[in-house]
Amino acid sequence: MDKNSGQKRAVQYLYPPADPFDQRMMDVGAGHRIYVEQCGNPAGVPVIVLHGGPGGGCSPAMRRYFDPKVYRVILFDQRGCGRSRPHASVTDNTTWDLVADIERIREALGIDSFVVFGGSWGATLALIYGITHPERVRHLVLRGVFLMTRRELQWFYGGGAGQFWPEPWARFRDLIPEDEQGDLIHAYHRRLFSGDLRTETRHAQAWSAWENALASVYSSGQGGEAPGEYARAFARLENHYFVNDGFLERDGWILANADRLADTPGTIVQGRYDMICPPRSAWELARAWPSADLRMIRNAGHALSEPGISAELVRVMDQMAEAAA
């Protein structure tokens, strides 16, 4: 659940733009090919970046949170989004397929273990990967924690966040007939997968605009209109995962299995005024995971590009670099 906002205010904290030294399309089976890139130091500390959404894709700015002399940075577009193909496809696209893709990337690049860096849905995926493959994780760096619970979905799609942002909430809700507004996730699902491209695109842009409107603490409440192709992948994939409860076997699965992270160090960077993924989830995760360091950021919301969030994430990675030196 992630859409960048306020990039220019945060850019002063980031490393200079970097070009990849490796770009490839990786065949992961079931007709899916995913885009993978590497930048930074080929012999450096490996770190894999997990983008939000699901369906958000990576951006060049995501390369810039890491000292390029220290880190070997791996980014990839998850199934169905960004430069991965087929675009906007939900076939054979589950959490467990993405976990398997991370393993495929690790093995293909000859990496034994790496730092896992993820925000929003990327934090969810990082936690699930860390729980199931603890021996492959050196450190989890998380931002804007989302635990893939029904409580969190009810907050954002059931009217909780709408109490603070009634204007964008009304635009999102009122696109759906009143008799279907009791379950907006499923109501949007019917339209995002209607088979009619105009209907899918219109509702995808509304879905994306609602989320983007709340991404930054500096937001005016105007989410803007995302390009149709991007919005369709973002909304379809995100909705697909939410309709299926993240493909987890039970509600609350991450916290129930947090004991498996006991030996995994972690850092959690959380915006105090995150309207998309409220701080309660980060706080509960830190309580269940004593080896994690929770850093609550004042005057910050959800977006990766919030100035306070960007500054703290760069600080975290620089501190890890110093400790490894």
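Residues numbered from 1 in each chain as written. Predicted model: local features only at pLDDT ≥ 70, side-chain atom pairs only at ≥ 80, totals over all residues. Heavy atoms only, no water.

Student: Help me understand the packing of helix 7 (residues 197-213) against helix 8 (residues 228-243) in this model?
Tutor: Working note: a packed helix pair is described by the angle between its axes plus the distance between those axes. One way to put it is that helix 7 packs onto helix 8 with a least axis distance of 8 Å and a crossing angle of 75 degrees. Relative to helix 8, helix 7 is oriented roughly perpendicular. Across the interface between the two elements, Leu197, Glu200, Thr201, Ala204, Gln205, Trp207, Ser208 and Glu211 from helix 7 touch Gly228, Ala231, Arg232, Phe234, Ala235, Arg236, Glu238, Asn239 and Phe242 from helix 8. Classifying every residue of the contact of helix 7 with helix 8 by side-chain character gives seven nonpolar, five polar and five charged. (Axes fitted to C-alpha atoms, helices over the stretch in contact; angles between N-to-C directions. Helix = DSSP H or I, 4+ residues; strand = E, 2+ residues; numbered from the N terminus. Parallel < 35°, antiparallel > 145°, perpendicular 65-115°, else oblique. Contact = heavy atoms within 4.5 Å. Nonpolar A, V, L, I, M, F, W, Y, C, P; charged D, E, K, R; others polar.)

Student: It is not clear to me how helix 2 (residues 95-108) should be interpreted in this structure. Could you clarify?
Tutor: Side chains three or four residues apart in an α-helix point the same way, a direct result of the helix having 3.6 residues per turn. In this model helix 2 runs 20 Å from its N-terminal to its C-terminal C-alpha over 14 residues, within 8% of the 20 Å that 1.5 Å per residue would give. Every buried residue of helix 2 is listed here: Thr95, Leu98, Val99, Asp101, Ile102, Glu103, Ile105 and Arg106. Gly110 sits one or two positions beyond helix 2 and adopts a positive phi of about 65 degrees. (Expected span 1.5 Å × (residues − 1). Buried < 20%, exposed > 50% of the residue type's maximum accessible area, 1.4 Å probe, protein only.)

Student: I'm lost on the sheet that holds strand 1 (residues 22-29) in this one. Help?
Tutor: What links the strands of a sheet is backbone hydrogen bonding, and the strands pair in either a parallel or an antiparallel sense. Read from one edge of the open sheet, eight strands run 1-2-4-3-5-6-7-8, paired in mixed fashion. Each end of this open sheet is capped by a strand with a single partner; those strands are strand 1 and strand 8 (292-297). Looking at each pair of strands side by side, their axes are set apart by 20 degrees on average, direction ignored. Pairing between strand 5 (residues 114-119) and strand 6 (residues 137-143): six bridges, direction parallel. (Pairing = 2+ DSSP bridges.)

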